[in-house]
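Structural description and commentary
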Amino acid sequence: MPDNDRDPEKELIRLAQNGDTRAFEKLVLRYKDRLYGIASGVCARLPSESEDVAQETMLAAFKHVGAFKANAAFSTWLYRIAANNCWQRMRRLKTEARADLPDERSKGHPSRPSAGEMAIKNELSRAVGRALGALPEEFRSAVMLCDVEGLPGREAAARLGISLPALKSRLHRARALLQSSLKDFR
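Only a predicted model underlies this, so the values are computations on that prediction, with no experimental measurement involved. (Residues numbered from 1 in each chain as written. Predicted model: local features only at pLDDT ≥ 70, side-chain atom pairs only at ≥ 80, totals over all residues. Heavy atoms only, no water.)

The next thing to look at is the pattern of salt bridges. A complete count under the given rule lists five salt bridges for this structure. Of the charged contacts, one joins Asp147 and Arg175 as a salt bridge, the two residues approaching to 2.5 Å between their closest N and O atoms. Here Asp147 is found in helix α7 (residues 137–148), whereas its partner Arg175 is found in helix α9 (residues 164–181), with 28 residues between them in sequence. On the accessibility criterion, Asp147 (40% relative accessible area) is partly exposed. Note that Glu155 is salt-bridged to Arg159, the shortest N-O span being 3.4 Å. Here the residue Glu155 and the residue Arg159 both occupy positions in helix α8 (residues 153–160), the gap between them amounting to four residues, near one helical turn. (Salt bridge = Lys/Arg side-chain N within 4 Å of Asp/Glu carboxyl O. Helix = DSSP H or I, 4+ residues; strand = E, 2+ residues; numbered from the N terminus. Buried < 20%, exposed > 50% of the residue type's maximum accessible area, 1.4 Å probe, protein only.)

Listed below in structure tokens is the structure:
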């Protein structure tokens, strides 16, 4: 008996790849909460965008489910789509989001930080975004799952389809790269 007959998820994926929208709906129901959590973790700096990113991810997954290769877990594939959607949205909304935020010139702004504090905060935010964006995908995924989403190591390793020691190695390397990239902000 083939593996697909014993694994309900693989069967749902196969049916969805053959155009079965009900099978895809079942996959959506299976992953919607986790996907929203991933989108919230990845879009930590844009929490209001999490729901949109989750929806865009499901639409993109629906359009491209035929291209899904089972060399990674379906959840990992969804995570990558969500992460890419969030990075694109963050880049696109970067200037709009900053323009909408109250700054030291806003009337009634509760804390009214100094211009210097705002400049440092904005520069740090841009530097962290650049540093994360410059990481290789496998390092960025490890950091996002463990340090942003807060997943335990075993769960993050399982989502990425790697061993726990491999995850720890990726995290170590990613954190070293981030630390090096952000050394001017110590």
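Still more ground to cover, so stick around.
For the coordinates displayed, the defined rule picks out five aromatic pairs. Look at Phe24 and Phe62: their rings are 5.1 Å apart centre to centre, the planes differ by 65°, and that puts the pair in the edge-to-face class. Of this pair, Phe24 sits in helix α3 (residues 21–42) while Phe62 is found in helix α4 (residues 50–64), placing the two residues 38 residues apart along the sequence. Put simply, the rings of Tyr31, Phe68, Phe74 and Trp77 touch in pairs and so form one group of aromatic residues. (Phe/Tyr/Trp six-rings, centres within 6.5 Å; stacked < 30°, edge-to-face > 60°.)

Before going further, it helps to spend a moment on the packing of α7 against α9. Packing of α7 against α9 brings their axes to within 8 Å, and their N-to-C directions diverge by 95°. Overall, the two elements α7 and α9 adopt an arrangement that is roughly perpendicular. On the side of α7, the interface is formed by Glu138, Phe139, Ala142, Val143, Cys146 and Asp147, while α9 contributes Leu167, Arg170, Leu171, Arg173, Ala174, Arg175, Leu177 and Leu178. Here the residues of the contact of α7 with α9 sort into nine nonpolar, no polar and five charged. (Axes fitted to C-alpha atoms, helices over the stretch in contact; angles between N-to-C directions. Parallel < 35°, antiparallel > 145°, perpendicular 65-115°, else oblique. Contact = heavy atoms within 4.5 Å. Nonpolar A, V, L, I, M, F, W, Y, C, P; charged D, E, K, R; others polar.)

With that settled, consider the nonpolar core. Core analysis: the largest hydrophobic core is formed by 46 residues, its most contacted members being Leu27, Phe74, Leu78 and Leu167. Per-element accounting of this core gives the leading share, nine residues, to helix α5 (residues 74–100). Once residues within four sequence positions are removed from consideration, Leu27 is found in contact with Glu9, Leu12, Ile13, Ala16 and Phe74. (Core = buried A, V, L, I, M, F, W, Y, C linked by side-chain atoms within 4.5 Å.)

Below, the discussion takes up the side chain of Arg140. Note that Arg140 resides in helix α7. Those residues in contact with Arg140 that sit more than four places away from it in its chain are Tyr79, Trp87, Leu132, Gly133 and Leu135.

A few words on the confidence of the model for the protein chain. Of the residues in the protein chain, 74% reach a pLDDT of 70 or more, and the chain-wide mean stands at 77. The least confident element of the protein chain is helix α1 (residues 3–6), whose mean pLDDT is 54; the most confident is α9, at 90. (pLDDT = per-residue confidence, 0-100.)

Here Tyr36 is to be found in helix α3. Taking C-alpha positions, Tyr36 is 6.5 Å from Glu51, a pair spaced 15 residues apart along the chain. Setting aside its immediate chain neighbours within four residues, Tyr36 contacts Ser50, Glu51 and Ala54.

Here we take up the side chain of Glu9. On the secondary structure map, Glu9 appears in helix α2 (residues 8–17). For Glu9, a relative accessible area of 16% gives the class buried. Beyond its immediate sequence surroundings of up to four residues, Glu9 is in contact with Leu27, Arg30, Tyr31 and Phe74.

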